[in-house]
Amino acid sequence: MIDIKILSEPLNVELCTAKVQDDGAGGIVVFVGTVRNHTKGKTVRCLEFEAYESMAVSEMQKIAKTIEEKWNTYHVCMHHRVGSLGIQDIAVIIAVSCAHRKAAFEACQYAIDTLKQTVPIWKKEIFEDGEEWVSAHP
Amino acid sequence: MIDIKILSEPLNVELCTAKVQDDGAGGIVVFVGTVRNHTKGKTVRCLEFEAYESMAVSEMQKIAKTIEEKWNTYHVCMHHRVGSLGIQDIAVIIAVSCAHRKAAFEACQYAIDTLKQTVPIWKKEIFEDGEEWVSAHP
Amino acid sequence: MKLTLISYGIAKEILPAHKHEIDLPVHTIDELKSSLFKSYPALEKLQSISFAVNEEYREDSFSLSENDEVVIIPPVAGG
Amino acid sequence: MKLTLISYGIAKEILPAHKHEIDLPVHTIDELKSSLFKSYPALEKLQSISFAVNEEYREDSFSLSENDEVVIIPPVAGG
């Protein structure tokens with residue numbers, strides 16, 4: 001099962017974990033990305049996430065299909081939030097289940113690494129004294 | 001913060017994740033170990049977990065301290081369940097938070113790998129036609 | 001060629017609007033990119049820039065068709 | 001030497017009880033192990049066996065003291 005969503009409401013770790021549970025699964029690995037309060041020494045007040053939704057979903061589907069083939073995952077759940085997020089809010093949850101835990105760790109790490117490279121989602125950090133699109137400039 | 005518990009009630013993924021959240025954390029990795037319905041081709045009906053509790057807690061503390069030093073984790077939460085568990089029930093949750101996700105993946109994987117080697121907890125698999133202490137015999 | 005440009009993130013702040021129509025003598029992504037870099041020099045200063053047509057990333061050599069919707073993708077930063 | 005033996009998991013099913021007192025002419029974990037293997041041959045058939053005193057794993061050479069509580073630890077299988 002593959003469950004991919006872009007959501008503007010708070011994400012739910014319990015829900016994503018439950019979605020990937022399986023009678024045959026011995027290991028579930030969940031990555032939870034939260035908003036940090038600092039970046040390169042500056043204090044972050046909040047973040048704005050924006051997505052090109054249809055393509056973001058399609059790129060996340062590609063990632064899920066790749067890990068399904070490569071690591072033989074039972075289930076993959078990827079939820080990404082958009083809109084305005086405060087410190088500690090959850091921006092992304094990726095949960096994967098496999099028969100064995102080593103595969104689950106590798107698959108989950110591949111998923112978040114690739115998501116950060118290919119999925120068309122952008123974030124703007126709002127500082128006390130300005131704002132900046134993350135990674136936009138060299 | 002290190003939070004180690006041996007519990008006889010159902011474990012809670014949301015709670016363990018919340019415990020390791022931190023203003024400075026950019027990556028939380030959670031391992032969730034669930035009861036599988038088969039082992040070496042046999043159908044498992046349920047499991048009995050038994051712990052030498054005081055030493056199990058002390059061995060989990062050692063693991064948490066090691067990953068704190070080695071991967072600079074912010075927080076570590078390790079909850080292990082004991083008693084009778086059914087298929088898909090959660091036997092263990094290990095949640096760790098770090099400033100960066102790579103460290104969080106490595107620390108979490110080290111924690112579960114080491115827990116399985118050193119923490120004095122035993123499980124007995126109950127099959128339709130008998131029972132067996134896991135890993136007891138070569 | 002008539003095209004619709006759609007831009008996100010910082011590109012949306014550099015171009016006139018999230019979505020706008022253009023009519024330019026370009027046939028490939030590469031030619032479109034050069035033309036955009038001339039009109040909006042700030043685009044060239046980005047760490048990277050990609051283009052998508054029909055929800056897929058497209059190479060520089062990709063041939064555009066009349067009325068294509070071309071999405072400008074500045075450096076992504078999900079997660 | 002008087003010792004209290006505490007056993008868990010499969011060891012509990014091999015020894016007479018979860019907790020029982022013994023009085024044996026042994027001074028180290030190694031000697032205790034040999035003695036236990038003679039009395040309970042099933043213990044030797046386990047994949048591995050470890051001993052803990054005061055909540056710490058102890059080496060074979062560990063010197064036992066009068067009235068120590070020795071915990072017999074068969075192969076662990078947490079997680």
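Just so you know, these numbers come straight off a predicted model, no measurement behind them. (Residues numbered from 1 in each chain as written. Chains lettered and ligands numbered in written order. Predicted model: local features only at pLDDT ≥ 70, side-chain atom pairs only at ≥ 80, totals over all residues. Heavy atoms only, no water.)

Here we take up the environment of T43(B). All names here are of chain B. Inspection of the secondary structure puts T43 in strand 4 (residues 42-51). By relative accessible area, which is 46% here, T43 ends up partly exposed. In the structure, T43 is positioned 83 residues away from I126 in sequence and 8.8 Å away in space, judged by C-alpha atoms. (Helix = DSSP H or I, 4+ residues; strand = E, 2+ residues; numbered from the N terminus. Buried < 20%, exposed > 50% of the residue type's maximum accessible area, 1.4 Å probe, protein only.)

Glancing now at the interface of chain B and chain D. Listed per partner, the contact involves 29 residues of chain B and 20 residues of chain D. A combined buried area of about 2,100 Å² lies between chain B and chain D, and 56% of that area is made up of carbon and sulfur atoms. A salt bridge links K12(D) to E50(B); its shortest N-O distance comes to 2.8 Å. Taken together, the connections running from chain B to chain D amount to 15 residue pairs in polar contact (both at pLDDT 80 or more). Those elements that provide at least two residues to the side of chain B that touches chain D are strand 4, helix 2 (53-71), strand 7 (90-98), helix 3 (101-118) and strand 8 (121-127) of chain B. (Contact = heavy atoms within 4.5 Å. Buried area = accessible area lost by both parts, 1.4 Å probe. Salt bridge = Lys/Arg side-chain N within 4 Å of Asp/Glu carboxyl O. Polar contact = N/O pair within 3.5 Å; in protein donor to acceptor, adjacent residues only side chain to side chain.)

With that out of the way, let us pick up the relation of the copies chain B and chain A. Screw-axis analysis of chain B against chain A gives a translation of 0.0 Å along the axis, an RMSD of 0.0 Å, and a rotation angle of 180 degrees. The two molecules are tied by a two-fold rotation axis, judged by turn and shift. Most of the interface of chain B is mirrored in chain A: 100% of its interface residues are interface residues there too. (Least-squares fit on C-alpha atoms with pLDDT ≥ 70 in both.)

Now for the nonpolar core. Nonpolar side chains tend toward joint burial in soluble globular proteins. Grouped together as the largest cluster of nonpolar side chains are 70 residues, with contacts concentrated most on M78(A), I94(A), L115(A), M78(B), I94(B) and L115(B). Apart from the residues within four sequence positions on either side, I94(B) is in contact with V29(B), V30(B), F31(B), C77(B), M78(B), C108(B), A111(B), I112(B) and L115(B). (Core = buried A, V, L, I, M, F, W, Y, C linked by side-chain atoms within 4.5 Å.)

With that settled, consider the state of the cysteines. Chemically, a disulfide is nothing more than a covalent bond linking the sulfur atoms of two cysteines. Residue and element names in this part refer to chain B. Counted under the stated rule, the structure contains zero disulfides over all chains. Lacking any disulfide linkage, C16 is separated from the closest cysteine sulfur, that of C77, by 3.6 Å. Not engaged in a disulfide, the cysteine C98 finds its nearest cysteine sulfur in C108; these two sulfurs lie 9.6 Å apart. (Disulfide = S-S within 2.5 Å.)

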